[in-house]
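One-letter residues, chain by chain:
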Amino acid sequence: MSAGLEARAGVPTAYGLTRRALSLGAANAFDYAFQFLLPVVLVRCLDPAAFGQYRLLWLAVGTVMAVVTMAMPGSLYYFLPRSEGATKRLYINQALVFLAATGLIAGWAVSSWNPWLPDKMRDLAQHEAVVPLFVLLWLVASLLDLLPTVEERVMWQAKTTIGLAALRAVTLSLAAILTRELGPVLLVLLAFVAFKVALLLGYVARYHGLRGPLLRWRAFSDQLKYAAPIGAAGALYGLRLQGDQWVAATLFSVGMFASFSIATIIVSPVQLCRQSVFHAFLPSMSRLQAAGDIPGMLELKSRANVMVGTLVYPLLAFAFVFAEEMVTVIYTAAYVDAVPVMRVSIVGFAALVVEFTSIVQLLRQGAFMIRMSLAALVLSVALSWFSAHYFGLAGAAAGSATTIYFELVATLRQVSLRTGVPLGRMQNWRALGLLMLSAALAAAFAWSMVGRYFAASGPLVRLIVGGALLAAAYAAMAALLGVGRGWFAAVRGSEHGL
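My aim in this report is to walk through the structure given alongside it, one point at a time. What you see is a predicted model; the values in this text were computed from it and never measured. (Residues numbered from 1 in each chain as written. Predicted model: local features only at pLDDT ≥ 70, side-chain atom pairs only at ≥ 80, totals over all residues. Heavy atoms only, no water.)

Glancing now at empty space enclosed by the protein. The tally for this structure, following the rule as stated, stands at one cavity of 30 Å³ or more. Considered as a void within the structure, the largest cavity measures approximately 30 Å³ in volume. Contributing elements (two or more residues each) for the lining of the largest cavity: α7 (130–141) and α10 (182–207). Among the residues making up the lining of the largest cavity, the classes are represented as seven nonpolar, no polar and no charged. (1 Å grid on protein atoms, 1.4 Å probe; cavity = no way out; pocket = protein on both sides within 12 Å on 5 of 7 lines; lining within 4 Å. Points joined across faces, edges and corners; volume = space filled by probe spheres on them. Helix = DSSP H or I, 4+ residues; strand = E, 2+ residues; numbered from the N terminus. Nonpolar A, V, L, I, M, F, W, Y, C, P; charged D, E, K, R; others polar.)

Shown next as structure tokens:
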């Protein structure tokens with residue numbers, strides 16, 4: 001049997017891949033649900049300043065994860081499937097050593113020993129060694145979030161993801177309910193991440209053994225060279241996503257930053273929907289691109305975007321018109337400052353429906369992505385900084401919202417230049433426009449009906465009635481416009497590669 005046939009023999013069937021994707025998708029959905037519910041408990045047990053410090057900790061952790069990991073954990077997707085035995089263990093050990101070393105640097109960066117530590121972070125630094133030790137362990141433990149998947153132990157990964165998400169949500173909630181102070185919550189968080197590191201080491205010990213070699217310079221250099229460009233692009237993108245939050249944390253009080261940070265909750269369902277469709281369509285698009293069928297690849301991408309828009313546009317429209325009710329029900333009236341921030345963010349999130357970054361990746365335009373991400377980061381921070389000075393808290397969200405459109409236009413232009421397909425033919429703009437119009441009209445109808453007949457009702461009643469009215473109106477208009485035909489065409493296209 002040739003090497004090519006042997007490689008194909010190890011590839012799961014389409015059914016097997018679909019089952020794996022569904023398992024991971026369900027696990028990630030549970031994880032999102034648990035992490036969505038946790039702040040609902042915390043805002044009711046901690047005062048706004050303490051909750052703001054908690055959110056600031058996760059902003060710092062997110063920034064650290066974006067910058068210092070350099071995609072070393074992700075490099076295992078490339079190296080492990082090509083290795084066996086001791087070589088596999090070497091690459092895993094090298095990733096662990098790298099994460100531990102960068103974790104020490106990150107821990108110092110968020111500690112009181114750092115003379116350049118931002119003033120808002122100094123309140124967190126008062127918790128002595130808890131915060132830097134947590135950051136160190138969190139970086140090391142992050143390897144558990146993908147290592148079993150890389151080794152195709154998908155069910156192990158799914159069960160672990162759900163179990164850890166539930167454990168974290170329950171233990172932190174109990175700590176907050178029983179003590180109503182941030183300090184004990186941070187101690188429980190430290191205990192949780194220590195348990196996660198122990199679980200990671202247990203996994204490595206069971207399947208690879210806890211022994212050397214820890215590092216070989218030639219292999220480590222090769223692994224780092226592979227990961228560094230990917231890590232650089234990822235770091236720029238991550239910093240761009242968090243830039244407006246750092247602006248808000250710098251210019252406003254910790255309590256107001258807490259309101260700002262929760263205003264972006266609506267992006268998580270949007271990203272979840274995008275990623276689910278993205279992973280389902282990408283293999284078919286890759287086959288079309290490899291066969292030289294560029295028009296077919298773009299047609300499939302257009303159908304995928306219409307599918308995402310069908311789900312996302314009514315969700316965004318609902319969140320826009322009922323933002324105050326959503327914040328009040330989920331986070332209490334103490335965080336109503338989040339309402340204008342949420343509405344500004346939603347205007348930007350609407351552009352996320354049109355996703356062509358996957359096409360750029362298939363066309364191997366990595367250098368363009370790095371240049372675009374760097375320009376987007378500078379533009380986002382500058383706009384957020386100046387807008388925050390003139391328009392307050394909501395202005396700090398303007399940079400991120402505007403930059404989403406900048407990235408979209410730049411990406412569309414690059415794809416058009418590389419494929420020779422005009423912008424007007426790259427996407428079914430008419431279908432997306434009709435979907436957006438239907439969602440906007442349905443939201444306006446629901447908002448006017450609720451305002452007229454349920455003005456004196458509580459926010460929960462207004463949300464339930466408004467959601468029902470919007471769904472009914474949107475479904476009626478979607479049926480009238482024949483949106484369902486686009487769904488079935490997209491699904492058929494992804495199954496048969498067009």
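In the Ramachandran plot, R180 falls in the positive-phi region, its phi being about 55° despite a non-glycine side chain. Positionally, R180 belongs in the loop between α9 (154–179) and α10. For T332, which is not glycine, the phi dihedral falls at a positive 80°. Tracing the sequence through the fold places T332 in the loop between α15 (323–331) and α16 (338–349).

On to the nonpolar core, then. If you look at the biggest cluster of nonpolar residues, it comprises 140 residues, and the most contacted ones within it are F51, Y54, F134, V135, L143, L147 and L298. Sorting elements by how many residues they give to this core places helix α14 (residues 294–321) first, with 13 residues. Each residue touching L143, except ones within four places of it in the same chain, is listed here: P73, L76, I92, A95, L96, L99 and L200. (Core = buried A, V, L, I, M, F, W, Y, C linked by side-chain atoms within 4.5 Å. Buried < 20%, exposed > 50% of the residue type's maximum accessible area, 1.4 Å probe, protein only. Contact = heavy atoms within 4.5 Å.)

A few words on the pattern of salt bridges. Summed over the entire model, instances satisfying the criterion amount to six salt bridges. Residue E355 is joined to K301 by a salt bridge in which the shortest nitrogen-to-oxygen separation is 2.5 Å. Residue E355 is located in the loop between α16 and α17 (357–362), and its partner K301 is located in helix α14; the two are separated by 54 residues in the primary sequence. Judged by relative accessible area, K301 falls into the buried class, the value being 3%. Across the pair E325 and R462 runs a salt bridge, and its minimum N-O distance is 2.8 Å. Note that E325 is positioned in helix α15 and R462 in helix α22 (residues 459–481), a separation of 137 residues in sequence. Judged by its relative accessible area of 15%, R462 falls in the buried class. (Salt bridge = Lys/Arg side-chain N within 4 Å of Asp/Glu carboxyl O.)

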